[in-house]
Amino acid sequence: MKICFTHKPINTSFGGGNQFVLNMIKFIKNKDVSIQIVFDLNHRDIDIIFVLDPRILSCNKINYNMVSQYKTYFPNVKIIHRVNDCDKPRGNYNVLDPIIMRNFKINDLTIFVSKWTYEYYKKKGFDGNYKIINNGCDVSYFFPKKYIFDKKNINIVTHHWSDNWNKGFEYYNAIAEYIKNKKNIKFTFIGRKYNNKEGITNNINIIGPYNGIKLGNLLRENDIYLTGSKFDNCPMHVIEGLSCGLPMLYHEDIGGGEEICENNGEKFSDINTMIEKLNKIIDNYDTYLDIDYKKLSSDTCCKKYYYEIINLLT
């Protein structure tokens, strides 16, 4: 069997799609060494083309036009499209959605990373063959630590690789203002770049970016995970934070992240409710720690994808 991934992964701090391909390749190699993985269409015997993004990007060298052309010449090839993004987080700029909607009928299977993402495209007219499979993270990097929660030393964390304002920077600025007179609470931002258009970076420990075990170790140094991110399809930062055993304080418009958090956190709608829910978590900390770690693991995710791959070819 030969599988072509349209995204060639890099082993660094990058988006969820990159982490998915790294985990999926690792899983496939451990599962079946006879499966060959390629990252280009210069082969006549590809069995499955696994589309990660329908556009050509820095790590994505194959677009949907190229996939469609390949299928014209080799009609037996199966196409899986993992849909993990949409135009909503970027202000409905109408670039990605039209490409996905125009080409979904080419797919033999469309896999959405969350119910939220599926419902989003269903409202736009999607009616193809689909599955819903949530993302997962590498549990050798992201796993819970054993500790006793201490109200006298509370550490809040978040991590993002994008400085898109919709990642929640207004709330990170607000938490910095809230804790400036509280000696028992610290806030850390792990990321590539902090969006400080409001000019507030005091009381924020800005570090990174980091990935792998270094990122996992840093997350485990904290007690509560805060995300003000909006309209995420199935956010890896939420999955990684929960996998490290951190209760989640998240915005009500987080998108697909809400179905990941379930009973392991509190959602807020504005700055006032964020502070209110933060204190609720602090006062009832242990009630948020019954986390389903197996559900969050990359093995659980990759097993589902592997089953779909085999199912398409049998």
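Scroll up to find the structure this text is about.
Residues numbered from 1 in each chain as written. Predicted model: local features only at pLDDT ≥ 70, side-chain atom pairs only at ≥ 80, totals over all residues. Heavy atoms only, no water.

Draft legend 1. Layout of the overall build of the protein. Summing up its helical and strand segments, the protein has 11 helices and 12 strands in all. Its C-alpha atoms give the protein a radius of gyration of 20 Å, near enough to 20 Å, the size a compact globule of 314 residues would have. Counting only C-alpha atoms, the protein reaches 65 × 40 × 30 Å along its principal axes. Within the protein, buried positions represent 53% of all 314 residues. Sequence separation of at least 24 residues holds for 69% of the intrachain contacts in the protein that already meet a minimum separation of 6. When the 42 basic and 35 acidic side-chain charges of the protein are each reduced to a single mean position, those positions are 3 Å apart. (Helix = DSSP H or I, 4+ residues; strand = E, 2+ residues; numbered from the N terminus. Rg over C-alpha atoms; globule rule 2.2 N^0.38 Å. Buried < 20%, exposed > 50% of the residue type's maximum accessible area, 1.4 Å probe, protein only. Contact = heavy atoms within 4.5 Å. Lys, Arg positive; Asp, Glu negative; His and termini not counted. Charge placed at Lys NZ, Arg CZ, Asp CG, Glu CD.)

Draft legend 2. Fine view of helix α11 (residues 298–312). For α11, spanning 15 residues, the distance from its first C-alpha to its last is 21 Å, which sits close to the expected 21 Å at 1.5 Å a residue. Among the residues of α11, those classed as buried are S298, T300, C301, C302, Y305, Y306, E308 and I309. (Expected span 1.5 Å × (residues − 1).)

Draft legend 3. How the structure looks around the environment of N11. Following the sequence through the fold, N11 ends up in the loop between β1 (2–5) and α1 (16–31). Setting aside residues no more than four positions away along its own chain, N11 makes contact with L22 and N211.

Draft legend 4. Inspection of the sheet that holds strand β12 (residues 265–268) at higher detail. Taken together, the six strands give an open sheet; going across it, the order is β9-β8-β7-β10-β11-β12, and neighbouring strands pair in parallel fashion. On the outer flanks of this sheet lie β9 (205–207) and β12, each paired with one strand and no other. Direction aside, neighbouring strands of the sheet carry axes that sit 20° apart on average. Alignment of strand β8 (residues 185–191) against β9, held across three bridges, turns out to be parallel. Its bridge partner being in β9, T188 is matched across the sheet by N205. (Pairing = 2+ DSSP bridges. Axes fitted to C-alpha atoms, helices over the stretch in contact; angles between N-to-C directions.)

Draft legend 5. A look at the packing of α1 against α11. In contact at an axis separation of 10 Å, α1 and α11 are set at 70° when each is read in the N-to-C sense. Classified by the interaxial angle, the pair formed by α1 and α11 is roughly perpendicular. Crossing angle aside, the handedness with which α1 passes α11 is right-handed. Counted together, F20, N23, M24, F27 and K31 of α1 and S298, D299, C301, C302, K303, Y305, Y306 and I309 of α11 form the full contact between these two elements. Within the contact of α1 with α11, the residues separate by chemical class into eight nonpolar, two polar and three charged. (Parallel < 35°, antiparallel > 145°, perpendicular 65-115°, else oblique. Left-handed = near helix turned anticlockwise from the far one by under 90°. Nonpolar A, V, L, I, M, F, W, Y, C, P; charged D, E, K, R; others polar.)

Draft legend 6. Broad picture of the packing of aromatic side chains. This structure, assessed with the given rule, holds 26 aromatic pairs. With 6.2 Å between their ring centres and 25° between their planes, W165 and F169 make a pair best called stacked. By relative accessible area, which is 19% here, W165 ends up buried. On the accessibility criterion, F169 (0% relative accessible area) is buried. Cluster of aromatic residues (ring-pair linked, three or more members): F104, F112, W116, Y118, Y120, Y121, F126 and Y130. In this arrangement the basic side chain of K197 is found over the ring face of W165, its NZ or CZ atom lying 4.2 Å from the centre. When the ring centre of F143 is taken as origin, the NZ or CZ atom of R220, which lies over that ring, is 3.7 Å away. (Phe/Tyr/Trp six-rings, centres within 6.5 Å; stacked < 30°, edge-to-face > 60°. Lys NZ or Arg CZ within 6 Å of the ring centre and 35° of its normal.)

Draft legend 7. Examining the sheet that holds strand β2 (residues 36–38) more closely. The parallel open sheet is built from six strands, whose spatial order is β2-β1-β3-β4-β5-β6. Looking at strand neighbours, the two that pair on one side only are β2 and β6 (130–132), the edges of this open sheet. Averaged over all pairs of adjacent strands, the angle between their axes in this sheet comes to 20°, without regard to strand direction. Taken strand by strand, α11 contacts β1, β3 (48–51), β4 (78–83), β5 (109–112) and β6, and its axis lies near 155° from that of β4.

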